[in-house]
Amino acid sequence: MLCQHCGNPYSGKVSRTLLAFPTFTCLACGFVNVYPLGNGYRGLYQILTVVFGISFIGGFSNGYLMLPGGVFIIAIVALMKNRKLKQRLSPLGRAAGTPAPRTAKVIIRAWHPGQLALAWLVLLFVAGIFYELIMTGGVPLTARRLMGLMVLAVIPATLASITWIWLGDRDDVTHSRVR
Ligand SMILES: [Zn+2]
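Predicted model only: the values in this text are computed from it and were never measured.

What counts, and at which threshold
Residues numbered from 1 in each chain as written. Predicted model: local features only at pLDDT ≥ 70, side-chain atom pairs only at ≥ 80, totals over all residues. Helix = DSSP H or I, 4+ residues; strand = E, 2+ residues; numbered from the N terminus. Buried ≥ 20, exposed ≤ 12 C-beta atoms within 10 Å, placed from the backbone. Pairing = 2+ DSSP bridges. pLDDT = per-residue confidence, 0-100. Contact = placed C-beta atoms within 7 Å.

1. Considerations on the overall build of the chain
Right, so step 1: Check the secondary structure of the chain and you find 4 helices and 3 strands.
Right, so step 2: Each helix and strand of the chain, placed in order from N terminus to C terminus, yields the pattern β-β-β-α-α-α-α.
Right, so step 3: A burial count over the chain gives 9% of its 179 residues as buried.

Okay, here's the thing in structure tokens:
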């Protein structure tokens, strides 16, 4: 593996971050390198996203909400981070110059902040629909109130934390090289 900062080869021990990203500290310049996930971990996160995403939505009907929601969010955050790492590293390995990924990159860059705001609106709208369904569904009144509150609280909180992580990470891109 090569250091992303100074390009020195590294052959020592590679550890993993909390979300299982391979990481090592360059011996030459001290830069903390984080590499994208391998296919195994990425596949695992994709499966977790689908499975827990479904049970997260399904959970609205029986109040079983927090745990699948938590796993779902972690898996989504890991996948987003992975995609960003890949994008960040791609110009290094793409000296041969395939023009196709370039447009993808431009679109991703434009994701800020307009599309993020749009995603917020859409998801809040979805939350509103869930809220309506719960409030008008055949759920006992107290449980219904509780679930409605959770929908209204959990979804904006999720969005806020994803936004926070996303923006924070982008900040990292420009500042992490100061070391
Ligand atoms: Zn280095």
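2. Quick look at the sheet that holds strand S3 (residues 32–34)
Right, so step 1: Read from one edge of the open sheet, 3 strands run S1-S2-S3, paired in antiparallel fashion. In this open sheet, the two strands that pair with only one neighbour each are strand S1 (15–16) and S3.
Right, so step 2: Bridge analysis of S1 against strand S2 (residues 22–25) gives 2 bridges, and the strand direction is antiparallel. By the bridge assignment for S2, Ser15 is matched with Thr23.

3. Notes on unusual backbone geometry
Right, so step 1: Unusually for a residue other than glycine, Ala20 sits at a positive phi of about 75°.
Right, so step 2: Mapped onto the elements of the fold, Ala20 is located in the loop between S1 and S2.

4. Focus on the confidence of the model for the chain
Right, so step 1: Per-residue confidence for the chain averages 72 on the pLDDT scale, and 62% of its residues sit at or above 70.
Right, so step 2: Taken as a whole, residues 169–179 scores under 50 in pLDDT and shows 6 contacts with residues more than four places along the chain or in a different chain.

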